[in-house]
Amino acid sequence: MPEWYHFERDEMTDTESGSFLPRMRLDDLLAELQSRLEAVLATRDRVHSLLEAVVSVGSELDLETVLHRIVESATALVNASYGALGVIGEESTLVQFVPVGLSEEEIARIEHWPHGLGLLGLLIKEPQSLRLRDIADHPDSYGFPAGHPPMRSFLGVPIRVRDEIFGNLYLTEKRNGEFDEEDEAIVTALATAAGVAIENARLYEETRRREAWLEVSSEVTTSLLSGADPHDVLVSLARRTREMTDADVVTISFGASPETLRVEIAEGLGAEELLGIELSAGETVAGRVLRTAEPQIADIRACPDTPSGLPKSGPSLSVPLGKGRLVRGVLGLGKRTGRLPFSSADLRMVQALAGQAAVALELAEARKDAERLGLLEDRDRIAKDLHDVVIQRLFAAAMTLMSVVKLVEKPEVTGRVQHVVDELDATIRQIRSTIFALHTPREEKATTVRGQLMDLVESARGHLGFMPGVRLEGALDTLVTPKLADQLLAVLREALSNVVRHAHATEVSVTVDARDAVLLLEVADNGVGVPEEGRRSGLRNLAERAELLGGTFEVLPHEPRGTCLSWRVPLA
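Residues numbered from 1 in each chain as written. Predicted model: local features only at pLDDT ≥ 70, side-chain atom pairs only at ≥ 80, totals over all residues. Heavy atoms only, no water.

1. Considerations on the pattern of salt bridges
No. 1: In the structure shown here, the tally under the stated rule is nine salt bridges.
No. 2: For D134, the salt bridge is made with R152, and the minimal N-O distance between the two is 3.2 Å. Placement of D134 in the loop between strand 3 (130–132) and strand 4 (154–161) and of R152 in the loop between strand 3 and strand 4 is noted, with a sequence separation of 18 residues between them.
No. 3: D183 is paired through a salt bridge with K174; the nearest N and O atoms lie 2.4 Å apart.
No. 4: You can call D183 buried: its relative accessible area is 0%.
No. 5: Residues joined in a network through salt bridges with shared partners are E215, R240 and E243. (Salt bridge = Lys/Arg side-chain N within 4 Å of Asp/Glu carboxyl O. Helix = DSSP H or I, 4+ residues; strand = E, 2+ residues; numbered from the N terminus. Buried < 20%, exposed > 50% of the residue type's maximum accessible area, 1.4 Å probe, protein only.)

Right under this line is the structure:
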């Protein structure tokens with residue numbers, strides 16, 4: 001092979017290799033440029049997504065909706081499978097947990113939401129970002145509750161509302177690898193914007209609550225001044241209180257006895273089961289409020305005898321109706337598990353409304369006392385008029401007729417005048433019984449023999465269609481023993497029942513006389529009389545009662561028509 005050939009071949013190889021190396025460097029530069037452009041575009045897209053998320057979160061004013069949108073936006077920005085927001089409450093525990101990425105079936109399988117232990121507790125104690133490749137590798141890892149899906153990669157970022165730690169964002173299971181610094185920076189930026197959105201939602205909710213409170217206060221005041229029924233006012237108050245505090249159930253309970261409280265009003269979740277039940281006034285939330293007159297914000301799990309209709313483990317708020325020794329009942333509110341706890345603003349508002357409810361009760365009692373006082377004054381005035389005017393004039397008329405009797409010579413005229421005098425005398429005695437009834441308050445009537453007799457006669461008024469005449473003589477309340485009074489009332493009840501069913505009367509008179517060691521009961525009517533044939537089981541019972549007491553029972557004709565039942569027993 002000629003030497004020139006080798007020379008030319010070597011020269012060509014050197015030339016080709018020299019042009020190939022620059023070409024390789026250019027390809028690397030272009031590839032690097034392309035990758036950087038793709039990174040810039042990706043960053044631009046993520047920043048754009050972040051801005052959209054910030055706008056979406058800030059455009060909503062309902063607090064629970066804001067919290068849910070924050071978690072949804074965070075999971076979308078970092079491509080996480082699961083996300084949650086834990087709201088921190090008192091004593092550094094999680095009072096609300098807002099999950100995203102779990103189906104309803106998966107949520108139902110979880111035994112309980114986290115309480116703020118393990119890694120979640122570490123984020124509460126040390127509010128700073130935390131990024132992990134595997135949750136199980138961290139020394140503070142506490143594990144998951146039963147039914148919780150497995151999770152490995154983790155990113156936690158605190159949410160601050162001004163200088164206060166509101167809660168933490170938890171993101172797990174990134175779909176395309178592990179969470180990196182860029183993910184942490186994006187979620188941190190979103191958490192900053194979320195704090196502003198939460199603060200705005202809180203302010204809006206507070207403003208709306210104040211407006212609603214003013215409206216309810218105006219309604220209650222108007223109802224009270226217009227004399228509405230206190231129960232209706234309390235029902236309206238309970239319903240509006242539940243709406244304003246977003247509670248699931250509200251109850252108003254009053255003391256049924258020193259040991260129990262009875263739920264008189266219930267609105268919302270399980271109201272049908274709660275209405276009318278009795279709660280122990282011992283170591284329960286309502287019992288403590290009733291005894292101490294101090295409001296209580298607690299977990300309903302602290303109340304061991306919580307009714308079945310009430311949320312078992314949600315936040316609760318109980319305030320007294322009244323202050324100091326004038327506490328009349330307890331207004332209680334409850335929420336389901338996982339709901340936001342009641343705030344101090346809720347407490348102030350509910351206390352104010354409970355104070356108005358106490359005023360409603362006091363006004364109702366004052367109005368009832370005023371009506372009772374007015375009724376007693378009217379009765380006293382009527383009794384005085386009857387005694388000082390009517391009885392005196394009747395007595396004067398009777399005395400005049402008695403003096404006329406001596407001047408009349410015809411016996412039939414004398415008999416008629418004497419009959420009129422006897423009728424005037426009976427009328428005077430009946431008016432005196434009426435005066436006594438007017439002077440006796442209704443509360444005392446039920447505890448005295450006279451009062452029980454009058455109540456029984458008044459109860460027959462609706463069946464007869466008219467009020468029977470009543471004449472009560474003697475010291476009935478002193479001489480008639482309780483056992484004898486029971487027999488007397490039973491006989492009178494049976495006699496009036498017979499008149500209603502059989503007599504077809506338009507007038508009935510009842511006479512009870514306790515004098516000369518004898519108790520006499522007479523029931524006279526102007527009806528059709530007792531038929532010769534017919535059932536007499538009721539009359540036989542009256543006769544048997546008289547015989548057992550050593551007395552007598554007679555059925556006599558009543559002039560000019562009707563029947564007179566005479567039941568007479570010794571007082572001893």
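2. A closer look at helix 12 (residues 449–464)
No. 1: The terminal C-alpha atoms of helix 12 lie 22 Å apart, and with 16 residues this matches the ideal 22 Å at 1.5 Å per residue to within 8%.
No. 2: When helix 12 is considered as a whole, its buried residues turn out to be V449, R450, G451, L453, M454, L456, V457, A460 and L464. (Expected span 1.5 Å × (residues − 1).)

3. What about the environment of V100?
No. 1: Within the fold, V100 resides in strand 2 (residues 94–100).
No. 2: The sequence separation of V100 and G83 amounts to 17 residues, and the corresponding C-alpha distance is 5.1 Å.

4. Topic: the pairing of strand 16 (residues 563–570)
No. 1: Burial runs high along strand 16: six of the eight residues are buried.
No. 2: Relative to strand 16, strand 14 (residues 518–525) runs antiparallel, the two being bridged by eight bridges. Note on strand 16: the bridge partner recorded for D525 is T563. (Pairing = 2+ DSSP bridges.)

5. What to know about the nonpolar core
No. 1: Grouped together as the largest cluster of nonpolar side chains are 38 residues, with contacts concentrated most on L453, L476, L492, V512, L519, L521 and W567.
No. 2: If we skip the residues at most four places from it in the chain, W567 touches Q487, L488, V491, L519, L520, L521, L542, R545, A546, L549, T552 and F553. (Core = buried A, V, L, I, M, F, W, Y, C linked by side-chain atoms within 4.5 Å. Contact = heavy atoms within 4.5 Å.)

6. Re the pairing of strand 15 (residues 552–557)
As a general feature of sheets, a regular strand has side chains that alternate between the two faces.
No. 1: Pairing geometry for strand 15 and strand 16, over six bridges, is antiparallel. Looking across to strand 16, one finds that E554 is bridged to S566.
No. 2: Here strand 15 folds back onto strand 16 in antiparallel fashion, the turn holding five residues, of which G562 has a positive phi close to 115°.

7. Comments concerning the packing of helix 12 against helix 14 (residues 482–503)
How two helices pack is summed up by the angle between their axes together with the distance between the axes.
No. 1: The interhelical angle for the contact between helix 12 and helix 14, taken along N-to-C directions, is 15°, at an axis separation of 11 Å. Considering their axes alone, helix 12 and helix 14 lie roughly parallel with respect to each other. As helix 12 packs across helix 14, the resulting crossing turns out to be right-handed. Across the interface between the two elements, V449, Q452, L453, L456, V457, A460, H463 and L464 of helix 12 pack against A485, L488, L489, L492, R493, L496, V499 and V500 of helix 14. (Axes fitted to C-alpha atoms, helices over the stretch in contact; angles between N-to-C directions. Parallel < 35°, antiparallel > 145°, perpendicular 65-115°, else oblique. Left-handed = near helix turned anticlockwise from the far one by under 90°.)

8. Focus: the sheet that holds strand 15
No. 1: Here we have five strands laid out as an open sheet, ordered 12-13-14-16-15, and mixed in their pairing. Of all strands in the sheet, those bounded by a partner on one side alone are strand 12 (469–474) and strand 15. Geometrically, the sheet is characterised by an average inter-axis angle of 10° between neighbouring strands, direction not taken into account.
No. 2: Here strand 13 (residues 508–515) pairs with strand 14 via eight bridges, running antiparallel.

9. Topic: the confidence of the model for the chain
No. 1: Residues at a pLDDT of 70 or more form 78% of the chain, whose mean pLDDT is 76.
No. 2: Here residues 1–15 is modelled with pLDDT under 50, and outside its nearest four sequence neighbours on either side it reaches one contact, counting other chains as well.
No. 3: Counted against residues more than four places away or in other chains, residues 300–312, with its pLDDT under 50, gives 32 contacts. (pLDDT = per-residue confidence, 0-100.)

10. Structural notes on the side chain of S153
No. 1: Tracing the chain through its elements places S153 in the loop between strand 3 and strand 4.
No. 2: There is a polar contact of 3.1 Å between the side chain of S153 and the backbone nitrogen of K174.
No. 3: Excluding residues within four positions of it along the chain, S153 makes contact with L132, R133, I135, L171, T172, E173, K174 and F179. (Polar contact = N/O pair within 3.5 Å; in protein donor to acceptor, adjacent residues only side chain to side chain.)

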